[in-house]
Amino acid sequence: MGLQPSLLEGCVFQRRIYFRSMPTETIADRVGRVRSRIAAACRRSGRTADDVTLVAVTKGMAPELVREAFEAGIRHFGENRVQEAEAKLRALADVRGGSTWHMVGHLQSNKVKGAIALFDIIHSVDSLHLAETISQRAPVPVPVFLELNLAAESTKFGFSLHDLPGAYAAMAELPRLDVVGLMTVAPPAQRAEDVRPIFQRLREEARLLGLRGLSMGMSDDFEVAIEEGATHVRIGRAIFGERQR
């Protein structure tokens, strides 16, 4: 015999209440999971979690979410645009002093003055002209990564492998510019494993130049990047969820 309509309605109602009462995942939950994955990748590659700096990328995220990540233990934050960082940091004056801010997006030369005032480190130096502008504008040495476009993607910025050695040699002569490593954004791939050769190549190029810093790996591929030597991983979606705007 089937359920009476009134009983059926009660079952559906109870099911709806159950799904609504499931706990919502917090930023602290996501941070904990990302840190666990970083630690596991480090163990697989004979490293420690202290070898890797987790940079939480805040592009499109409201200041209150950044503060929530700070309260969850994040101390390194990345932003893609100077204008967005400026507005965000005004709302995060209480957090600014205890955190390090990384410029991880494309930086135009006319935005250098603002970037130097806002960011502690720049990951996206993609031309000799930009490096020269930073050197000229900076009152103190600025740590930078040189961005490489290893997959030669037309939609991305960065030095080619051919141009990198000469550009690096020229930058070594610039005052107030401290080149600490190389950075790349891997091309889209079906599997994280597919971009391992990109990370391996960046590591080799850094070795040839005598550089130790490797800024590589994002939400979809950071574990492979760590296995290949990443010192900085730039994580947005895995911490904050989908972008708000």
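A quick note: this is a predicted structure, and the numbers were derived from the prediction, not measured.

### Looking at the overall build of the protein
Each helix and strand in the protein was counted, giving eleven helices and eight strands. Counting only residues that meet the buried cut, the protein has 47% of its 245 residues in that class. When contacts within the protein are restricted to residue pairs at least 6 apart in sequence, those whose partners lie at least 24 apart make up 59%. For the protein, the accessible surface area stands at approximately 13,100 Å², while carbon and sulfur atoms represent 51% of it.

### Observations concerning helix H9 (residues 196–209)
Between its terminal C-alpha atoms H9 stretches 20 Å, which fits the 20 Å expected from 14 residues at 1.5 Å a residue. Within H9 the residues assigned to the buried category are Arg 196, Ile 198, Phe 199, Leu 202, Glu 205, Ala 206 and Leu 209. At its buried positions, H9 is contacted by strand E5 (142–148), helix H8 (164–171), strand E6 (177–184), strand E7 (213–215) and helix H10 (222–227). After H9 finishes, the residue Gly 210 shows a positive phi value of roughly 75°.

### Points about the side chain of Arg 234
In this structure, Arg 234 sits in strand E8 (residues 232–235). Buried and without a salt bridge, Arg 234 has Glu 147 as its closest oppositely charged side chain, separated by 7.0 Å. Looking at Arg 234, its side chain comes within polar contact range of the side chain of Ser 215, at 2.8 Å. If sequence neighbours within four positions are ignored, Arg 234 has contacts with Val 55, Val 57, Val 104, His 123, Met 183, Thr 184, Val 185, Ser 215, Met 216, Gly 217, Met 218 and Ser 219.

### Some remarks on the pairing of strand E3 (residues 100–103)
Inspection of the sheet shows strand E2 (residues 76–79) paired to E3 by four bridges, in the parallel sense. By the bridge assignment, Phe 77 is partnered in E3 with Trp 101. In this structure, E3 lies alongside strand E4 (residues 121–125), joined through two bridges in parallel fashion. Bridging across to E4, Met 103 finds its partner in Ile 122.

### Considering the pattern of salt bridges
Inspection of the entire model under this criterion finds 18 salt bridges. A salt bridge links Glu 227 to Arg 196, with the shortest nitrogen-to-oxygen separation between them at 2.6 Å. Of this pair, Glu 227 sits in helix H10 while Arg 196 sits in helix H9; the two residues are 31 residues apart in sequence, bridging distant segments of the chain. Taking relative accessible area as the criterion, Glu 227 reaches 23% and is therefore assigned partly exposed. In this structure, the salt-bridge partner of Arg 201 is Glu 205, at a minimum N-O distance of 3.1 Å. Of this pair, Arg 201 and Glu 205 both sit in helix H9, separated by four residues, roughly a single helical turn.

### Brief notes about the confidence of the model for the protein
Low pLDDT means the predicted coordinates in that region are not meant to be read closely. Averaged over every residue, the pLDDT of the protein is 91; residues scoring 70 or more account for 89%. In this model, residues 5–22 is a region of pLDDT below 50 whose contacts with residues beyond four sequence positions or in other chains number one contact.

### A look at the packing of aromatic side chains
Throughout the structure, instances matching the rule amount to one aromatic pair. Ring geometry for Phe 77 versus Trp 101: centroids 5.2 Å apart, planes at 25°, classification stacked. With Phe 77 in strand E2 and Trp 101 in strand E3, the pair connects residues that are 24 residues apart, well separated along the chain. Judged by its relative accessible area of 0%, Phe 77 falls in the buried class. A residue is classified by how much of its surface remains accessible, and Trp 101, at 0% relative accessible area, is buried. Taking NZ or CZ as reference, Arg 75 lies 3.8 Å from the ring centre of Phe 70, over its face.

### A word on the pairing of strand E1 (residues 53–57)
Of all five residues making up E1, five are buried, and the element is well covered by its neighbours. Here E1 shows two buried faces, one formed by Thr 53, Val 55 and Val 57 and the other by Leu 54 and Ala 56. Sheet analysis places E1 next to E2, joined by two bridges and oriented parallel. Across the sheet, the residue bridging to Ala 56 is Phe 77, located in E2. Note that the unit made of E1, helix H3 (residues 63–71) and E2 has a crossover that is right-handed.

Reading the values: the criteria
Residues numbered from 1 in each chain as written. Predicted model: local features only at pLDDT ≥ 70, side-chain atom pairs only at ≥ 80, totals over all residues. Heavy atoms only, no water. Helix = DSSP H or I, 4+ residues; strand = E, 2+ residues; numbered from the N terminus. Buried < 20%, exposed > 50% of the residue type's maximum accessible area, 1.4 Å probe, protein only. Contact = heavy atoms within 4.5 Å. Areas by Shrake-Rupley, 256 points an atom, 1.4 Å probe, with all protein chains shown as cover. Expected span 1.5 Å × (residues − 1). Lys, Arg positive; Asp, Glu negative; His and termini not counted. Salt bridge = Lys/Arg side-chain N within 4 Å of Asp/Glu carboxyl O. Polar contact = N/O pair within 3.5 Å; in protein donor to acceptor, adjacent residues only side chain to side chain. Pairing = 2+ DSSP bridges. pLDDT = per-residue confidence, 0-100. Phe/Tyr/Trp six-rings, centres within 6.5 Å; stacked < 30°, edge-to-face > 60°. Lys NZ or Arg CZ within 6 Å of the ring centre and 35° of its normal. Right-handed = clockwise from strand over helix to strand, strands pointing away.

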